[in-house]
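A closer look at the structure
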Amino acid sequence: MARVRRLAGQKRVGHAGTLDPMAQGVLPILLGRATRLADYIQLGRKTYVATIRLGVATDSDDAEGTVIGEASIPELSAPSIEVVLANFRGAILQTPPQYSALKVAGRRAYAVARAGGELDLAPRPVTIDDLRLLEWSESDLRLEVTCSKGTYIRALARDIAKALGTVGHLTALVRTRVGPFELGEALTPDELARRDLPNVLQSASRAIPDAPAFSAGADDVVHLLNGRAVTALGLRAEHVWVYDPSGLLVCLASADGTLLRPRLAL
């Protein structure tokens, strides 16, 4: 983030979602007032390509952890794997990994785990929108997962291995999509340094691409930026991008069919 801050010449730089140290892929970076949109982007679905090693369990549920157990791997087939995967699609309860940033009684789970302890982490509801088997071998599965915010792919790897009758951990993870942002349009920090930054920046409106646009008059822009609603008869939407007469994006608003109410100034 410090490197992006220097390249952009911006003090306010944020991101929408974190990645585990071993993971790669899409990480939306937000500049200036657009950092306020992080929560909206994180609500979007995320897609990952994950590789699971069967037969070996680690304390962190990924390859960076310490091996804590091994088990034999039953004979697998595409149909038998599919039966298991079907049980993980839709709304499920998931117990987070011990090495996570969740707090219990004011203590981070990973800090307790590093000290040799263990917290009782309650299962949490998450949604697996899509779960596809890409390829498999005697000891590895490669899956594509589309899921809701709060899903731990490490925990999913652990639980799928258990459901297959063995143990397992995550060995590779690539996030290919966060909401509307896809891997094909992503840049590495080195690529970003070689590019002309204004030419690669995207409009804040990409954060909610389906939101309608509203062109406000100069007086209405003043009211909206001061937190006051304006008239917008017939416009009804949870999210509305508001532009000033020159076409500059000025805020995110909501409309109830009568009034347009500002939510975030941009």
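The preceding data block contains the structure.
The structure reproduced in this document is the subject of the present report. The residue numbers shown here count from 1 along each chain, following its written sequence. In keeping with the predicted nature of the model, local features appear solely for residues at pLDDT of at least 70, side-chain atom pairs appear and are counted solely at 80 or more, and the whole-chain, interface and lining totals rest on all residues. Hydrogens and waters are ignored; side-chain quantities use all the structure's heavy atoms.

**A short note on the overall build of the chain**
We count a stretch as a helix when DSSP gives it H or I for four or more residues in a row; a strand needs E for two or more, and each element gets its number in order from the N terminus. Looking only at helices and strands, the chain features eight helices and 18 strands. Over its C-alpha atoms, taken along the principal directions, the chain stretches across nearly 70 × 40 × 40 Å. Here the chain holds 266 residues, and 41% of them are scored as buried. Taking contacts inside the chain between residues at least 6 apart in sequence as the whole, the part at least 24 apart equals 62%. Residue-level accessible areas treat just the shown protein chains as cover; the underlying method is Shrake-Rupley with a 1.4 Å probe. On the chain, roughly 14100 Å² of surface is accessible, and the fraction owed to carbon and sulfur atoms is 50%. The classification of residues rests on relative accessible area computed with a 1.4 Å probe and restricted to protein chains. Under 20% of the type maximum is buried, over 50% is exposed, and intermediate values are partly exposed. Only heavy atoms matter for contacts: two residues are in contact if any of them lie within 4.5 Å across the pair.

**Examining the layout of surface pockets**
Definitions used for this entry: grid spacing 1 Å over protein atoms alone; cavity, a set of points where a 1.4 Å probe fits but cannot get out; pocket, an open set with protein on both sides within 12 Å along at least 5 of 7 lines; lining residue, one with an atom within 4 Å of a point. Grid points are joined across faces, edges and corners, and a volume is the space filled by probe spheres set on the points. Its volume calculated, the largest pocket comes out at about 1100 Å³. Along its surface, the largest pocket is lined by 35 residues, and Leu27, Pro28, Ile29, Leu30 and Leu192 are the ones closest to its centre. At the level of elements, helix H1 (2-8), strand S3 (29-31), strand S13 (181-182), helix H6 (189-194) and helix H7 (197-200) are the ones that each hand at least two residues to the lining of the largest pocket. Ten residue types, Ala, Val, Leu, Ile, Met, Phe, Trp, Tyr, Cys and Pro, are classed as nonpolar, four, Asp, Glu, Lys and Arg, as charged, and the remainder, Gly among them, as polar. Among the residues making up the lining of the largest pocket, the classes are represented as 25 nonpolar, five polar and five charged. Here the second largest pocket is characterised by a volume of approximately 770 Å³.

**Points about the pattern of salt bridges**
The term salt bridge refers to a side-chain nitrogen of Lys or Arg lying within 4 Å of a carboxyl oxygen of Asp or Glu. Using the criterion set out here, one finds 13 salt bridges in the structure. Across the pair Asp190 and Arg3 runs a salt bridge, and its minimum N-O distance is 2.8 Å. With Asp190 in helix H6 and Arg3 in helix H1, this residue pair connects regions lying 187 residues apart in the sequence. By relative accessible area, which is 41% here, Asp190 ends up partly exposed. A salt bridge links Asp159 to Arg158, with the nearest nitrogen and oxygen atoms 2.8 Å apart. Members of the salt-bridge network, linked through shared partners, are Asp61, Arg158 and Asp159.

**Here we look at the nonpolar core**
Formed by 26 residues in total, the largest nonpolar core has its most connected members in Leu131, Leu141, Leu143, Val145, Ile153, Ile160 and Leu164. Those elements that provide at least two residues to this core are strand S4 (46-54), helix H3 (78-86), strand S10 (124-136), strand S11 (140-147), helix H5 (153-163) and strand S12 (168-178). In contact with Leu143, not counting residues within four places along its chain, are Tyr48, Val49, Ala50, Ile52, Leu85, Leu131, Arg132, Leu133, Leu134 and Ile160. Here, the term nonpolar core denotes a set of buried Ala, Val, Leu, Ile, Met, Phe, Trp, Tyr and Cys residues that are joined through side-chain atoms within 4.5 Å. One finds Ala34, Phe181, Ala207 and Leu252 within the second-largest nonpolar core, a separate group that totals 18 residues.

**Structural notes on the sheet that holds strand S18 (residues 259-265)**
If DSSP finds at least two bridges between two strands, the strands pair. Strands sit in the order S14-S16-S17-S18-S15 across an open sheet of five strands; the sheet is mixed. Of all the strands in the sheet, the pair left with one neighbour each is strand S14 (213-215) and strand S15 (230-231). In terms of strand pairing, strand S16 (residues 236-243) meets strand S17 (residues 249-256) through six bridges, oriented antiparallel. Its bridge partner lying in S17, Trp241 is registered against Leu252.

**Overview of the environment of Leu134**
Summarising the element assignment, Leu134 is placed in strand S10. The sequence separation of Leu134 and Val49 amounts to 85 residues, and the corresponding C-alpha distance is 8.8 Å. Setting aside chain neighbours within four positions, we find Leu134 in contact with Val49, Arg142, Leu143 and Glu144.

**Quick look at the side chain of Ser148**
Among the structural elements, Ser148 can be located in the loop between S11 and H5. You can call Ser148 buried: its relative accessible area is 10%. In this structure, Ser148 is in contact with Arg45, Val126, Thr127 and Asp129, ignoring residues within four places of it in sequence.

**Points about the side chain of Lys46**
Considering the arrangement of structural elements, one finds Lys46 in strand S4. For the purpose of counting charges, residues Lys and Arg are taken to be positive, whereas Asp and Glu are taken to be negative. His and the chain ends are not included. For the buried residue Lys46, which engages in no salt bridge, the nearest side chain bearing the opposite charge is Asp39, 9.9 Å off. Here the side chain of Lys46 touches Gln42 through a polar contact of 3.0 Å, landing on its backbone oxygen. In contact with Lys46, not counting residues within four places along its chain, are Val145, Thr146, Cys147, Lys149, Arg175, Arg177 and Val178. Here a polar contact is recorded for every N or O atom pair within 3.5 Å, except that within protein the pair must consist of a potential hydrogen donor and a potential acceptor, and residues adjacent in sequence are included only if both atoms are side-chain atoms.

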